[in-house]
Amino acid sequence: MKKLFILALAASAMLASCSGNQQKAETTEEAEKTFEQQQIEAYIKVQVDSLANEFAKMGRSPFIAALKEGRIELTEEEKQVKPEYLIDPASTNDLVTLSQKYRAVAVLSADKIIAEAYGMPVDEYDAAIKKLIVDIDDPAFKLFKENDDNGTDHKQLVEDFYNAEDENGRINFFWDTTTAFLVEELYIISQDPSNKFIECFDDQAADNVTYRIILFQNALENLKEYDPSLESLCTSIKPLGKLNAITAEQFKQQIGEMNKDIKVLRDNLMK
């Protein structure tokens, strides 16, 4: 299995409360602190950039790719049993934070693919996603959705999204979105009664899931120092560390064993 060095950096600084003759010393200390903080952030950013680049190389999850390309088709009998595990689009109407809304778009996007596979109407998914994107008001995210809908190459899609969020100062939301999509994929696989989705995973695909989890955990650990809102997501995905499969058989077994953990994690995505 691929390995990453896990880099943990912590920085702390205290600004003195000064007045009168201490004003000059305070200004100097603040300037030094700012310089140090910039260096740390630049170093962390190199690591996060590298993690995003690795993620972009890995392509779509095999069952999502198969559904989009029409390589999986459910029988009419299978379509009769509609999936009850999909999110209700209306449940996203009252979300407050940007993190919640980015994650909700990811979850809705994944669920829409499953709804389409079952021949279900997707108007409510489209409406909810459109509303959330308007609320988020992020040009990079709007472009990402447009390119995704137009079938842009996955690697290019991810790279463009990451770079655009970098320019907008919103790298944290790139990881919010992609982590939420991964969690929803795992949740869908664990709930699928036909088992057609998990059968798309060969040994390499199973190993890739494990690698993705490592990437997300490292990125969130690095970024939470500068964006405390990522702390809860970082903590909540730690149980996914138990998913360490390197073969398709191990992957199937572990997904079954982690069914409850994955459901709890999915339920907490938008809290």
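Keep in mind it's a predicted model, so treat the numbers as computed, not measured.

*Asks:* Sorry, what's going on with the overall build of the protein here?
*Replies:* The secondary structure content of the protein amounts to 12 helices and zero strands. Secondary structure of the protein in N-to-C order comes out as α-α-α-α-α-α-α-α-α-α-α-α. Looking at the protein residue by residue over its 271 residues, the buried ones come to 46%. Partitioning the contacts of the protein with sequence separation of at least 6, the portion at a separation of at least 24 is 77%.

*Asks:* Is there a simple way to explain the layout of surface pockets in this structure?
*Replies:* Picture a little ball the size of a water molecule; that probe, rolled over the atoms, points out where space is still empty. Here the largest pocket is characterised by a volume of approximately 590 Å³. Every residue lining the largest pocket is counted, 33 residues in all, and those nearest its centre are Ser109, Phe144, Lys145, Asp148 and Phe181. Of the residues belonging to the lining of the largest pocket, the class tally is 16 nonpolar, six polar and 11 charged. What the second largest pocket holds in volume is close to 190 Å³. Contributions of two or more residues to the lining of the second largest pocket are made by helix H1 (23-57) and helix H8 (171-191). Sorting elements by how many residues they give to the lining of the second largest pocket places H1 first, with four residues. Looking at the lining of the second largest pocket residue by residue, the classes come out as five nonpolar, one polar and four charged.

*Asks:* For this particular structure, what's the right way to read helix H4 (residues 98-117)?
*Replies:* Along an α-helix, residues three or four apart share an orientation, since each turn contains 3.6 residues. Helix length check: H4 (20 residues) gives 29 Å between terminal C-alpha atoms against 28 Å at 1.5 Å per residue, within 8%. Across the 20 residues that make up H4, a large majority, 18, are buried. One or two residues past the end of H4 sits Gly119, with phi positive at roughly 70°.

*Asks:* Any chance you could explain empty space enclosed by the protein here in plain terms?
*Replies:* All chains considered together, the criterion is met by one cavity of 30 Å³ or more. In this structure, the largest cavity spans a volume of roughly 50 Å³. Looking at the largest cavity, the residues that line it are Ser61, Pro62, Leu182, Glu185, Leu186, Ile189, Phe201, Val209 and Arg212. Per-element tally for the lining of the largest cavity: the top contributor is H8, with four residues.

*Asks:* I tried to follow the packing of aromatic side chains on my own but got confused; where do I start?
*Replies:* Remark: the centre distance and the inter-plane angle together describe each pair of aromatic rings, the angle taken between the planes. Counted under the stated rule, the structure contains 15 aromatic pairs. Here the aromatic rings of Phe141 and Phe144 are separated by 6.1 Å at their centres, their planes lie at 15°, and the arrangement is stacked. With a gap of three residues between them, Phe141 and Phe144 both fall in helix H6 (residues 139-149), about one helical turn apart. Each member of the pair, Phe141 as well as Phe144, carries the same accessibility label: buried.

*Asks:* Would you explain the side chain of Lys101 in this entry?
*Replies:* Along the polypeptide, Lys101 turns up in helix H4. For Lys101, a relative accessible area of 13% translates into the label buried. Excluding anything up to four places from it in sequence, Lys101 contacts Leu95, Val96, Leu132, Asp135 and Ile136.

*Asks:* Looking at this model, I keep getting lost on the nonpolar core. Mind explaining?
*Replies:* Most often, soluble globular proteins have nonpolar side chains that are buried together. Counting residues in hydrophobic clusters, the biggest one holds 80 residues, and the most contacted among them are Phe63, Ile114, Trp175, Leu186, Leu240 and Phe251. Look past the residues within four positions of Leu186 in its chain and what remains in contact with it is Val209, Leu240, Leu243, Phe251, Ile255 and Ile262.

*Asks:* How should I be thinking about the packing of H8 against helix H12 (residues 259-268) in this particular structure?
*Replies:* A pair of packed helices is characterised by two quantities: the angle between their axes and the separation of those axes. Contact geometry for H8 and H12: axes closest at 9 Å, N-to-C directions at 135°. One element, H8, and the other, H12, form an angle in the oblique class. Where H8 crosses over H12, the two elements pack in a sense that is left-handed. Mapping the contact onto sequence places Val183, Glu184, Leu186, Tyr187, Ser190 and Gln191 in H8 and Asn259, Ile262, Lys263, Leu265 and Arg266 in H12. Here the residues of the contact of H8 with H12 are counted per class, giving five nonpolar, three polar and three charged.

How each quantity is defined
Residues numbered from 1 in each chain as written. Predicted model: local features only at pLDDT ≥ 70, side-chain atom pairs only at ≥ 80, totals over all residues. Heavy atoms only, no water. Helix = DSSP H or I, 4+ residues; strand = E, 2+ residues; numbered from the N terminus. Buried < 20%, exposed > 50% of the residue type's maximum accessible area, 1.4 Å probe, protein only. Contact = heavy atoms within 4.5 Å. 1 Å grid on protein atoms, 1.4 Å probe; cavity = no way out; pocket = protein on both sides within 12 Å on 5 of 7 lines; lining within 4 Å. Points joined across faces, edges and corners; volume = space filled by probe spheres on them. Nonpolar A, V, L, I, M, F, W, Y, C, P; charged D, E, K, R; others polar. Expected span 1.5 Å × (residues − 1). Phe/Tyr/Trp six-rings, centres within 6.5 Å; stacked < 30°, edge-to-face > 60°. Core = buried A, V, L, I, M, F, W, Y, C linked by side-chain atoms within 4.5 Å. Axes fitted to C-alpha atoms, helices over the stretch in contact; angles between N-to-C directions. Parallel < 35°, antiparallel > 145°, perpendicular 65-115°, else oblique. Left-handed = near helix turned anticlockwise from the far one by under 90°.

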